[in-house]
Structure formats: C-alpha cells, structure tokens
Amino acid sequence: MKDVTQLTDGWSLRYDHDLLPARVPGCVHTDLLAAGIIPDPFLDLNEIEVAWVGRRAWSYVADVAHDSGHERTDLVFDGLDTAARITFDGREIGTTRNMHRSYRFDVTGVAGRLEVHFASAYEEAEAVRAVTGDRPNVYPEPFQYIRKMASSFGWDWGPTLVTAGIWRPVRLEHWSTARLAAVHPLVTVDEGAGSVEIRLRVERTDRGAGRSLLARATVAGEHAEVRLEGETAVLRLTVDEPRLWWPRGYGDQPLYDLDVTLSDEGGRLDAWHRRIGFRTIELDRAPDARGSGFTLVVNGERVFARGVNWIPDDVFPSRVSPARYRTRLSQAVEANVDLVRIWGGGIYEDDAFYDVCDELGLMVWQDFLFACAAYPEEQPLRGEVEAEARDNVVRLMPHPSLVLWNGNNENLWGFRDWDWEPGLAGDSWGEGYYLGLLPRLVAELDPTRPYTAGSPWSGSWDHHPNDPDHGTYHSWEVWNRQDYAEYRANVPRFVAEFGWQAPPAMATLRRALTDGVLAPDSAGMLHHQKAEEGNDKLNRGVARHFALPDGNFDRWHYLTQVVQARAVAAGIEHWRSHWPACSGTVVWQLNDCWPVSSWAAIDGDGRPKPLHHELRRVYADRLLTLQPAEEGLVLALVNQSAAEWRTAVDLRRMEADGTPLGRSTQEVVVAARSVLRLSTAPGLVPEKHSAKEFLVADADGLRALHFPVPDKEFSYVQPDYDVILEPVAGDGGKVDVVVNAHTLVRDLLLQADRLGPDARADRGLTTLLPGERTRIRVDGCGSVTMDDVRAALFCADTK
Ligand code: BMA
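The structure contained in this document is the topic of the report that follows. Please read all numbers here as calculations on a predicted model, not as lab measurements.

About the thresholds
- Residues numbered from 1 in each chain as written.
- Predicted model: local features only at pLDDT ≥ 70, side-chain atom pairs only at ≥ 80, totals over all residues.
- Heavy atoms only, no water.
- Near = heavy atom within 4 Å.
- Polar contact = N/O pair within 3.5 Å; in protein donor to acceptor, adjacent residues only side chain to side chain.
- Areas by Shrake-Rupley, 256 points an atom, 1.4 Å probe, with all protein chains shown as cover.
- Nonpolar A, V, L, I, M, F, W, Y, C, P; charged D, E, K, R; others polar.
- Buried < 20%, exposed > 50% of the residue type's maximum accessible area, 1.4 Å probe, protein only.
- Helix = DSSP H or I, 4+ residues; strand = E, 2+ residues; numbered from the N terminus.
- Pairing = 2+ DSSP bridges.
- Contact = heavy atoms within 4.5 Å.
- Axes fitted to C-alpha atoms, helices over the stretch in contact; angles between N-to-C directions.
- Core = buried A, V, L, I, M, F, W, Y, C linked by side-chain atoms within 4.5 Å.
- Phe/Tyr/Trp six-rings, centres within 6.5 Å; stacked < 30°, edge-to-face > 60°.

Turning our attention to the site of the ligand. Around the ligand, the structure places Trp155, Asp156, Trp157, Trp343, Cys372, Asn409, Glu410, Trp476, Glu497, Trp588 and Trp599. Residue tryptophan 157 places a side-chain N or O atom 2.7 Å away from an oxygen atom belonging to the ligand. A distance of 3.2 Å is found between an oxygen atom of the ligand and a side-chain nitrogen or oxygen belonging to tryptophan 343. Contact with the protein chains covers 91% of the free accessible surface of the ligand, which is 300 Å². In terms of residue class, the shell around the ligand is made up of seven nonpolar, one polar and three charged.

Spelled out as structure tokens, the structure:
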C-alpha cells in the first residue's frame, strides 16, 4: 500500500545568513512576522514598510531522509507560491511557476537537503511580460503575467503583500507497482437513479508495467470493479433512489462515501475517498420575452440564488484553517445565504471550504482565476492555464455544492468597455481561454456541470457583456455615482455583483489603527481604504440621507454602516421581488482579507457589520418589503419557502410622532416559491414629499417601512428610550439589553464589540415605533454597566 510522509516539520527560511524557523504550509511574511523581523502588516501603515519582502528571492530548506522499501518515491507539493526552483541533495529536480497547481516529482533514492528557491513574483511576472508584451489591467501591478492569486498584488479592498512560500502541504509518497493518478467522478441523477461514472487513470512503476490491476469502487452499498491492463478505466455505479442533495432551504444535504481502491494480486496498492452528493444541476439561459435569463435549476427546481461573493479570507491564505472556513461559511448561513461565488482574483480554495459547503447546503460558483485584466494567451501562460484548470476541475468536481464554473471576472466587460480594445490592437487578451479552452476542458472533464464564460456576460457578443436583459450583470454605477434608491431602476436577470462600502467594526479599527486618533481621513483610516475615491463615495452616500457628522467619528462610523445596510437591502428587496425575471443577487462581498473599509458584510477580524444582520432579514425565506415603483408604492411579499404563506398584513400610516393617520389589514396568500406584488391602497400612501408621515407594514413578525423623504429632511422627534439590562440566568457571558422606545427610534443599533472585543449581538438595525420594545441578546461581553451599554447604542434619528 502507498505510504505517505507529510513534510510539515523541520523547515527553515533563509534570511541573509540566518535560518529562521519556518511553517509549512505558510509563507515568507508569516515566518518573518513570527521571527519578529517585520511588523504586522495589517496594522497602521506597516504594509508600506514590508513592501521589500515581495521584491526579494527567498528559500526554504529542510533535511529529508527516507527509506521506504518502495519502488518509487514522489515529492508532492499541493501548492507552491509561485516561481520556484527545487533542489534535493544539490540536484535540481524541477521548476514551477504556478501557485494554482500541484506538483509531483520523482525523487526515488534521493535524500538529504531539500531546498525550494523562490524568485520574487515581480521578477517572474516582469520576465513573462517581456515575452508576451504589455496588456491593460485595472491596477498598476503585473498580476496577469503570473499564475498567482491576483489580489496578492493589492486590490480595491486589499493590501499589496506579495507572498512567496510553500503555501499548501508537501509530502513524500512512497509506492510500488501502481498508484491512482486521477479519479474523476461524474455524479448525476437519471430518472431517480443516482449515477456515478468514475474515470480512472493509474501510473505504474517500471516493474508495474503490464501487470494486471483491479480497481474497485463502492458507494451506498453498491460495488463495481474493473481490471486494468493499461493506464485508464471507467467504472459505473448506479444507486437506486438515492436521497438527493439540495441547497439549504430546499431540502437536506445527504452525503455518500465514495471509495475507490487499486490492488494487484499482492494486495491493496492505493485508495481514494471523497464524499459525494446526488443532484442534478442545470443553468437555464433560454431566451424569453425579456431577453435571456440565468437561472440555476437544482433537481429540477428553479432557484433564486441568495448569494455573496467570497474573496480570500486572508491575504496570507495559508493561514486559513478548516475551522476558519467553517466559521466564515457558518456566518454566511446565519445571513440566510445559499450561494457563495469564489471570485476570480483569489484562489481555488482548499477542499475544506467545499466540504463545509457540501454539508451546509451552500451552492458554490467557482470562477476560474482571471480578474479585471487582459490576460496574454501566449506561452508560458497558456500551458499553465490549461494545467491549473485540469488540476482544479478534477480536484473539485466531487463536491455536490459546486454548481457552476465561470470563466473570469469582468474581463469580457473590460475588453468592451474599459478602453482595452484599441490598445490591444489584436493582441490576445484571454478571450481564447473564456470562450475556447475553458469550456472545452469543462466539457471534457466535468460535463455534468454548467459553464459560463464570464461575469458579467450576456451569453454572446450579440449583446453588451453587462446587458441587464441577458445573463449576469454587475451593478456598480449606483455605488460609484448614485443614491442607492437607483438600484430600483432596473431588473437585471441575475445580479452577480453589487455592493456598498462601510468601515469595519470599531474594535477592529482600534486593533488595526493604534495611533489613537480616529477620523474618516486620519492617516490610518485612509491607508485602510483602498478603493478609488472610497471615502468620498462613503461620504456622498451618507450625505444624501443624513447631515454629514463633522468631527464626530462615532456617528460617521455608525451612519456609514447604516447606509451600507440600507443600500444592499434596497437592491435585494427590489430584485428579489422581481423573481422569476431576476433569479439571483450576489452581494459584493461577504468577507475581508485584512482590516479595511470595504464592501464586506464581515470585517477583516471576522466581526459582522450591521449589513450581516440585514442580510439575514432580506435573504430570509419570507420577506416583506415596501417599494416606491413606477406604478406607485408596492407592497411585495416574497415567499421562497416550500409552503404557501397565508398572512394578514397590517398597514399603518403614521405621523412622525406616532399618531395614526390610517390603518388597514390585508389578507394575503403567497404561493410557495413565489412573489406577490400589491399596490398600496391610496389612502395609506404618505404624501409624496411629506416630511411628516411614514408607512409601516407588519406581517408575521416581519416589518417594512416607507419614508417619503431622506432622513435629513424628515421631521423626526428627538428619540427617547430607556434601557434595562437583564443578565441571562445561568450564563455570565450573556446579557439582554431591553430597549423601550417612547418615540420613534430609527435604526437602533447596539455595537456589541464596544462591550467586549468578542461580544456579538443577535440583532442589527431595528426601528421601534413609540411604545415598542426590543430585546437584544449580547453574547461574550462579560459584565457590563449601563454606561457601557448606553455608549454602545446608536440610532439614526438623533438630532
Ligand atoms: C468588482 C469586483 C472586484 C472589485 C469590486 C469592487 O469589480 O470584481 O474586482 O473589488 O468590484 O470594486
């Protein structure tokens, strides 16, 4: 049987004449940080100070002995970042130039000093650029000339920390006769029967050549076996009426163990195991009266995708453990998300990511790794692109959560709209990957899964790549230039990106910015804001609704977070209420890779912003919303659950001080998985530009509000509420904060992180009518005083 030795221990990083202890998997920055040689680049302006790290060559060394008694020994790297030359016992055994591939070298009989020499990624990228010629991109960094996580070079939410290192596990594999070189399981469901087709490839030693081998597969008590005389074989298994894997909210996530073994007459040689799930997946892009849609269909059920975009959870991805993936993806689930799009400027994540998604019922949309640039199609890149795609398609295809391959992020759009076309003057820019190579590879290797050429993409060059009526759409004009109400101006078929920025939680800011003085434009704040005119856009966003607080950082911080939550909610409420014309929203972005002001719902320290709570509301199965629309004020009820929703909607027209002006109750029935749009009775609609009245709709504990004018014009009464602290019996770490409102209290927020760095509140923004109360449970805060709590409470209508 194959025998594996992990090479985790005993590594050192050469630093001038010293050898520093090194972590594998890891990277140079984290080793230098652990050795006290660089300051933490996540704090203050330290990023600038450590820029030299990415400009240098580095090497890792370990002494490796092995004597296995096997015929072959392979040195296997799951990931090298990036341009490396590997020597073993002084002999060069290989070179690499792709962070996204795994590598295997035959090192039979070799022992001694193993050394991995990394060139600076800049040097490699610049050398490749010299061969391919220059191409346009969105940032002044050479990220499209090297197959490495693009955002390592910085992004509009990320620092420029250009890594090097052995970023994924490395091991020795000792084997004799033959091993399983590739296992591709094609899993689908055919008329109720689960079908697994396993395409196998084996590698043989010289002595194993021609020997008869037996491959055997098992799933759900079914077996299949095949004799191999050559290198390849196909095994087929059928499982009668398997339990189906569903996205969360649609059913369970049963997973089945699929085992493949390889043996000869002497016994077992190799084994492979994955968990699979039975489901079908289609992407419906059929033309219709509006254009052409983009609807995921799972097990025949059409799904509105409640999505978030995912970026690498740490700019040093080797630090992201399986436990951290689980935490972050569980936060997505808490926000009622059912789809995660892995964005193309990041990485193909570790299997642990997709394992969690398989278990939690999160659909995964995986971009191939191209973002915001024209990518040369010449060698040496073309071969690398094909090799990395083959590696990762085969690695990830067993996961039932994976529902879609996507060719790139914004490159088809960039070519058409961002002035690339003239400058390219016929040079290659990646189209051959997105419309040629990648769809061919997916069809060859993973034909049960849909592929789309890009995001955004209208399906063909017949329409603009970002045509709202065709395929996927990225909505960025609103954040860049407009008020969030403008999200309501169109109904795209699938909104794959849109978002609004806000700073991170206060405790995160305080940890990251140690200079004490916080202001929107303090040096630290500006350094931890990477977007073009980011702060101006934040300020403009606030100023459309509120008086911009001058010199009051706490209020500025709170209001930017309120506007972020309201903006994203406005988009989702509108687009969801247009299902099935619109069949998905993917918020830019779920997470961050360091502490920064960004579009993220969860900040770089893992703390939720108010947007995270708001997502839970707007992505719930049932959503109640009031929307100014062309036809008047629309009351929309979204019911994405499998059960009919019968309810009575209580509509109240009110004055600012809570005086009722009109009320009615409407009985409604919303069919399963559907939306009901009703016009509001004219007598209940507040006067068009009234600063004095508003409308409240309530149903089954859900609430929708409509204020005819922006907050700064509304005649709020000075908010008044009292607060009671109730310790939670038997649990010293928890407290209930009960707020009783005497007036209208708009967007009340308890910033739990002000009560303790690990404290979490179970509620986000909450609007209370006069006489209403809310109970906010805070977990992890320890003992708190009334003063602490008062100082952590904010509301929007404060004068
Ligand atoms: C889109 C994304 C990212 C970017 C985000 C915010 O373009 O694809 O490249 O970070 O918008 O600007």
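A word on the pairing of strand E43 (residues 773-779). The two faces of E43 differ: Thr774, Ile776 and Val778 on one face are buried, but Arg773, Arg775, Arg777 and Asp779 on the other face are not. Bridge analysis of strand E39 (residues 734-741) against E43 gives seven bridges, and the strand direction is antiparallel. Looking at E43, one finds that aspartate 736 is bridged to arginine 777. Pairing geometry for strand E41 (residues 760-761) and E43, over two bridges, is antiparallel. The partner of arginine 760 across the bridge, within E43, is aspartate 779.

This part takes up unusual backbone geometry. Aspartate 81 connects to threonine 82 through a cis peptide bond whose omega is -5°. In this structure, the amide linkage connecting serine 455 to the following residue, proline 456, adopts the cis form with an omega of 0°. In this structure, proline 456 sits in the loop between strand E27 (451-452) and strand E28 (472-475). Backbone geometry places aspartate 419, a non-glycine residue, at a positive phi of 65°. Along the chain, aspartate 419 falls in the loop between helix H7 (411-417) and helix H8 (420-424).

Either a parallel or an antiparallel arrangement is found when strands of a sheet pair, and the pairing is made through backbone hydrogen bonds. Taking strand neighbours across the sheet as the criterion, the three strands line up as E42-E40-E44 in an open arrangement whose pairing is antiparallel. Edge positions in the sheet fall to strand E42 (766-768) and strand E44 (793-794), since each of these pairs with one other strand and no more. In terms of strand pairing, strand E40 (residues 745-750) meets E44 through two bridges, oriented antiparallel. What sits directly across from leucine 750, in E44, is leucine 793. Relative to the sheet, helix H14 (residues 553-576) contacts E40 and E44, its axis offset from that of E40 by approximately 110°.

Once that is clear, we can look at the side chain of serine 455. When you line up the elements, serine 455 lands in the loop between E27 and E28. With relative accessibility at 0%, the residue serine 455 sits in the buried group.

Moving on to the nonpolar core. Within the largest apolar cluster, 186 residues are counted, with the highest numbers of intra-cluster contacts made by Trp11 and Leu615. Element by element, the count of residues in this core is highest for H14, at 13 residues. Beyond its immediate sequence surroundings of up to four residues, leucine 615 is in contact with Val308, Ala335, Val568, Ile572, Val587, Ala601 and Ala620. Membership of the second largest hydrophobic core comes to 27 residues, among which are Val189, Ile198, Leu237 and Ile276.

This part is about the pairing of E28. Neither face of E28 is exposed, since Thr472 and His474 on one face and Tyr473 and Ser475 on the opposite face are all buried. Taken together, the four bridges between E28 and strand E29 (residues 494-498) define a ladder with parallel strand orientation. Looking at E29, one finds that threonine 472 is bridged to phenylalanine 494.

We now examine the packing of aromatic side chains. Under the definition given, this model contains 52 aromatic pairs. Ring geometry for tryptophan 310 and phenylalanine 353: centres 4.9 Å apart, planes at 70°, overall edge-to-face. Of this pair, tryptophan 310 sits in strand E23 (residues 305-310) while phenylalanine 353 sits in helix H5 (residues 351-360), and the two are 43 residues apart along the sequence. For tryptophan 310, a relative accessible area of 1% corresponds to the buried category. Assessed through its relative accessible area of 0%, phenylalanine 353 is described here as buried. Taken together, a centroid distance of 5.8 Å and an interplanar angle of 75° make the contact between tryptophan 476 and tryptophan 599 edge-to-face. Highlighted residues: tryptophan 476 in the loop between E28 and helix H10 (477-481) and tryptophan 599 in the loop between strand E30 (584-587) and helix H15 (610-618), separated in sequence by 123 residues. Of the two residues examined, tryptophan 476 and tryptophan 599, each falls in the buried class.

From the geometry alone we can't say anything about function, so treat these as descriptive.
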